[in-house]
Amino acid sequence: MSDTTPTSAPATAPAPELKTYHGNCHCGAVKYTVTLPEITSVTECDCSLCLKKGHKSLFPSGGLVFEEGKGEDKLKSYEFAGKTIAHKARTLNEIDDIFGLKVNTYKGTTLEPGYTPHAFTGPEPTATIENAKTYYGSCHCGAITMAFKTAGPLPEGSEKIQQCNCSICCRNGTILTYPHKTQISIHSPTTPPTPLSIYTFGRKFQQHTFCPICGVAISLQKNRPVDPELFKKEAPAGADQKQWEEKLPVNLRCFEGVEWDRVKVENRDWKNYGGKYEVP
Ligand SMILES: [Zn+2]
Ligand SMILES: [Zn+2]
């Protein structure tokens with residue numbers, strides 16, 4: 001803040017203590033710092049893009065300072081309705097309790113030039129379920145569309161729905177559900193079809209998939225046959241490898257018509273599960 005900044009606070013009021021936060025994307029290609037008073041709240045916008053990405057935004061007056069060679073040019077931008085990159089609280093390492101931050105809501109939908117959900121034209125999920133309800137959805141740009149068949153409306157159903165504060169879930173902003181793979185159909189309507197982008201890290205058990213165009217997180221595919229000995233060693237006690245392999249977790253944020261006001265999203269504290277995340 002420069003000394004010419006007008007302020008309405010009395011001259012005797014102590015300036016808020018500033019703190020420097022370190023942010024980075026998960027793989028470490030982009031690193032930055034941002035200095036601002038202790039972060040106690042974030043802004044969540046209800047526009048179509050922020051909802052699908054789970055953005056928790058900050059608007060620091062000083063902007064971001066990128067580390068040399070780890071700069072803004074490395075960020076792939078996806079522009080929708082003139083939106084630019086918001087400062088993402090989800091990428092800051094010093095925020096201990098991401099779900100504990102106060103949320104200010106912003107009615108971005110009022111500024112949005114009408115977002116039309118993308119139609120699903122792929123094959124229906126093959127699971128046989130009585131009284132099923134199928135939710136349809138997509139990434140933001142529509143290059144990847146999805147269908148999710150489940151036993152009735154989600155609020156009355158038994159699908160596990162959770163968000164987690166681990167390094168990757170936090171950054172991706174995912175709200176995951178864990179259906180059997182036959183309950184899900186993922187289809188790219190583009191010509192040629194747009195392949196999912198894949199990111200793996202750590203034990204590389206899973207492929208974190210996302211749309212290569214808009215970046216919205218899609219699913220968690222199994223990376224490869226996992227050695228049973230390794231699975232036993234690394235998975236939570238009692239986990240059944242066969243069951244695990246048949247599940248296809250997907251990002252529920254992609255789907256239209258989810259009854260968010262009634263769906264129970266469980267918060268998981270798995271920040272340090274499988275070892276503390278070290279910034280690459
Ligand atoms: Zn997309
Ligand atoms: Zn997680």
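These numbers come from a predicted model, not from an experiment.

S.K.: What is the right way to look at the UniProt feature "domain: CENP-V/GFA" (unreviewed entry) in the protein chain in this model?
M.R.: Within this structure's numbering, the places UniProt gives as "domain: CENP-V/GFA" (unreviewed entry) are residues 21-136 and 135-261. Span residues 135-261 is 15% helix and 28% strand, its end C-alpha atoms 16 Å apart.

S.K.: What am I meant to see in the packing of aromatic side chains here?
M.R.: By convention here, two paired aromatic rings are described through the distance between centres and the angle between planes. Throughout the structure, instances matching the rule amount to eight aromatic pairs. When the ring of Y135 is compared with that of F148, the centres are 6.3 Å apart and the planes differ by 35°; the resulting orientation is tilted. You can see Y135 sitting in strand β8 (residues 133-138) and its partner F148 sitting in strand β9 (residues 145-150), a full 13 residues away along the chain. We classify Y135 as buried; its relative accessible area is 2%. One aromatic cluster is present, built from ring pairs that chain together Y135, F148 and F255. Against the face of Y178 rests K160, its NZ or CZ located 4.9 Å from the ring centre.

S.K.: Any chance you could explain the sheet that holds strand β5 (residues 65-66) here in plain terms?
M.R.: Pairing between the strands of a sheet comes from backbone hydrogen bonds, and it takes one of two forms, parallel or antiparallel. Read from one edge of the open sheet, three strands run β1-β2-β5, paired in antiparallel fashion. The open sheet is flanked by β1 (18-24) and β5, the only strands paired with a single partner. Strand direction decides the pairing type here: strand β2 (residues 31-37) and β5, joined by two bridges, are antiparallel. When the sheet's bridge partners are listed, Y32 is paired in β5 with F66.

S.K.: Would you take a moment to explain the coordination of the zinc ion (ligand 2) for this structure?
M.R.: Six octahedral donors around a metal ideally make angles of 90 or 180 degrees; four tetrahedral donors ideally make 109.5 degrees. Note on the zinc ion (ligand 2): its protein donors are C164 (SG), C166 (SG) and C169 (SG). The metal-donor distances range over 2.2 to 2.3 Å. Donor residues for the zinc ion (ligand 2), ordered by position in the chain, follow C-x1-C-x2-C. An identical accessibility class is assigned to C164 and C169; each is buried.

S.K.: Teacher, can you tell me more about the coordination of the zinc ion (ligand 1) here?
M.R.: For the zinc ion (ligand 1), the full set of protein donor atoms is C139 (SG), C141 (SG), C211 (SG) and C214 (SG), and the range of their distances to it is 2.3 to 2.4 Å. Geometry at the zinc ion (ligand 1) is tetrahedral, judged from the four donor atoms that bind it and their angles of 106 to 120° at the metal.

S.K.: Before we go on, may I ask you to explain the nonpolar core in this structure?
M.R.: The nonpolar side chains of a soluble globular protein tend to be buried with one another. Ranked by internal contacts, the top residues of the largest apolar core, which has 26 residues, are C139, L154, L252, F255 and V258. Secondary-structure elements contributing two or more residues to this core are α1 (48-53) and β9. Both domains that furnish three or more residues to this core are identified here as domain 1 (18-111) and domain 2 (133-268). Ignoring any residue separated from it by four or fewer positions in sequence, one finds L252 in contact with F148, L154, I161, I175, T177, V258 and W260. Of all hydrophobic cores here, the second largest spans 13 residues; its members include I39, A89, L92 and I95.

S.K.: So what exactly am I meant to see when it comes to the environment of C254 here?
M.R.: Within the element layout of this structure, C254 appears in the loop between β16 (250-251) and β17 (266-268). Given a relative accessible area of 0%, C254 falls into the buried group. Each C-alpha atom, one on C254 and one on L49, is 9.9 Å from the other, the two residues being 205 residues apart in sequence. Ignoring sequence-local partners within four residues, the contact set of C254 consists of K52, G137, S138, M146, V216, A217 and I218.

S.K.: Before we go on, may I ask you to explain the sheet that holds β9 in this structure?
M.R.: Ordered by their spatial adjacency, three strands build an open sheet running β8-β9-β12, and the pairing between neighbours is antiparallel. Because the sheet does not close on itself, it has two edges, and the strands there are β8 and β12 (184-187). Averaged over neighbouring strand pairs, the angle between their axes works out to 15° when direction is ignored. For β9 and β12, the ladder comprises four bridges, and the chain directions are antiparallel. For T145, the partnering residue across the bridge sits in β12 and is H187.

About the cut-offs
Residues numbered from 1 in each chain as written. Chains lettered and ligands numbered in written order. Predicted model: local features only at pLDDT ≥ 70, side-chain atom pairs only at ≥ 80, totals over all residues. Heavy atoms only, no water. UniProt positions renumbered as here; feature names shortened; annotations may be inferred. Helix = DSSP H or I, 4+ residues; strand = E, 2+ residues; numbered from the N terminus. Phe/Tyr/Trp six-rings, centres within 6.5 Å; stacked < 30°, edge-to-face > 60°. Buried < 20%, exposed > 50% of the residue type's maximum accessible area, 1.4 Å probe, protein only. Lys NZ or Arg CZ within 6 Å of the ring centre and 35° of its normal. Pairing = 2+ DSSP bridges. Donors = N, O, S within 2.8 Å, 3.2 Å for Na, K, Ca; no water. Tetrahedral: all angles 85-135°; square planar, octahedral: opposite > 155°, others 65-115°. Core = buried A, V, L, I, M, F, W, Y, C linked by side-chain atoms within 4.5 Å. Domains from an automatic or database assignment. Contact = heavy atoms within 4.5 Å. Axes fitted to C-alpha atoms, helices over the stretch in contact; angles between N-to-C directions.

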